[in-house]
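Understanding the architecture of this molecule
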Amino acid sequence: MIRADITSKFFGDQQVLGPVRFDIRPGETVALLGPSGIGKSTILRIMAGIDTRFEGTVTRPDNMAIVFQEPTLLPWRSALDNLLIARPTLGADAARAALARVGLSGRDDAFPGQLSLGQQRRLALARAFAGAPEFLVMDEPFVSLDPEMAEQMLALTEALIAEAKPATLFVTHARAEAERLADRTLVLSGRPATLTDSLPDTSNGEHA
Ligand code: ADP
Ligand code: MG
């Protein structure tokens, strides 16, 4: 069980989050949707254990992976080493297979600076999935890609989630991404931000 039970989060005297409570079941993909600056990344950092300065409790497995908005690769290490450093037990063959799975076969020795932004994002995805995480957290993994690249990343992420079935929490400000990838969508609004009950019904396409 993955559970967020956040009572409040302040930056200085600014309260960014009010009560935010949700569960994620094993294998479930949940989108966290809301406008820029609302507190999505803040929740994600709390869920990932990076930010411990909040009121409340979070329950999550140790075996988790994070995909940040920017790929956060080690620039002086090859694509293969970026995988192996993150997952030392993986072994070179499995790491090569993981690179091939995201369309980076033959680029094992390339440094991140020699890869396009799209390729760097795919390497970060490969790294995240390489450890077979029980819990995967992604912060706007498809922003600032051109539409074709974003679509490729979306399809790849969808396929990797379907194969590995981690519980997934992914942050987006794009409703279409949430609807495509998620079993369930949580919507943040207000200041301090809280979860609104549910997404307005979009089944008639009115808000699509
Ligand atoms: P989102 O990811 O939804 O765009 P964030 O969670 O990054 O929003 O930020 C929520 C709010 O908290 C914003 O108003 C932002 O300016 C503020 N904030 C985020 N990080 C910090 C920080 N380290 N110090 C002070 N304020 C911050
Ligand atoms: Mg953010």
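Residues numbered from 1 in each chain as written. Chains lettered and ligands numbered in written order. Predicted model: local features only at pLDDT ≥ 70, side-chain atom pairs only at ≥ 80, totals over all residues. Heavy atoms only, no water.

1. Details of the nonpolar core
One broad rule of soluble globular proteins: the nonpolar side chains tend to lie buried together. In this structure, Leu-83, Leu-99, Leu-123, Leu-125, Leu-136 and Met-138 are the most contacted members of the largest nonpolar core, which totals 34 residues. Those elements that provide at least two residues to this core are strand E6 (64-67), helix H2 (79-86), helix H3 (92-101), helix H4 (117-130), strand E7 (135-139), helix H5 (147-164) and helix H6 (175-181). Both of domain 1 (1-63 + 133-208) and domain 2 (74-131) provide at least three residues apiece to this core. Sequence-distant contacts of Leu-123, that is, excluding residues within four places in its chain, are made with Leu-73, Ala-79, Asn-82, Leu-83, Leu-99, Leu-104 and Leu-115. Counting residues in each nonpolar core, the second largest holds 26 residues, with Phe-22, Phe-54, Val-137 and Leu-186 among its members. (Core = buried A, V, L, I, M, F, W, Y, C linked by side-chain atoms within 4.5 Å. Buried < 20%, exposed > 50% of the residue type's maximum accessible area, 1.4 Å probe, protein only. Helix = DSSP H or I, 4+ residues; strand = E, 2+ residues; numbered from the N terminus. Domains from an automatic or database assignment. Contact = heavy atoms within 4.5 Å.)

2. Describing the site of ligand 1
Taken together, Phe-11, Val-16, Pro-35, Ser-36, Gly-37, Ile-38, Gly-39, Lys-40, Ser-41, Thr-42, Arg-45 and Arg-191 form the complete shell of residues around ligand 1. Between ligand 1 and the protein, one listed contact pairs an oxygen atom with a backbone N or O atom of Lys-40 at 2.8 Å. Residue Arg-191 places a side-chain N or O atom 3.2 Å away from an oxygen atom belonging to ligand 1. When ligand 1 sits alone it has 560 Å² of accessible area, and the protein chains cover 59% of it. Residue contributions to the shell around ligand 1 peak at four residues, all from helix H1 (residues 40-48). Residues belonging to the shell around ligand 1 are distributed by class as follows: four nonpolar, five polar and three charged. (Near = heavy atom within 4 Å. Polar contact = N/O pair within 3.5 Å; in protein donor to acceptor, adjacent residues only side chain to side chain. Areas by Shrake-Rupley, 256 points an atom, 1.4 Å probe, with all protein chains shown as cover. Nonpolar A, V, L, I, M, F, W, Y, C, P; charged D, E, K, R; others polar.)

3. Focus on the domain arrangement of the protein chain
When the parts come together, some accessible area is lost, and that loss is often what is quoted as the size of the interface. What the domain assignment reports for the protein chain is domain 1 (1-63 + 133-208) and domain 2 (74-131). One C-alpha centre belongs to domain 1, the other to domain 2, and the line joining them spans 25 Å. Domain 1 puts 19 residues into the contact, and the matching count from domain 2 is 11 residues. Buried surface at the junction of domain 1 and domain 2, summed over both partners, amounts to about 1200 Å²; 67% is from carbon and sulfur atoms. Per-residue buried area on domain 1 facing domain 2 is highest for Pro-133, Leu-156 and Leu-160; these three make up 38% of the total on that side. The interface formed by domain 1 and domain 2 includes one salt bridge. For the interface between domain 1 and domain 2, the tally reads four residue pairs in polar contact (both at pLDDT 80 or more). Elements supplying a minimum of two residues to the side of domain 1 that touches domain 2: E7 and H5. (Buried area = accessible area lost by both parts, 1.4 Å probe. Salt bridge = Lys/Arg side-chain N within 4 Å of Asp/Glu carboxyl O.)

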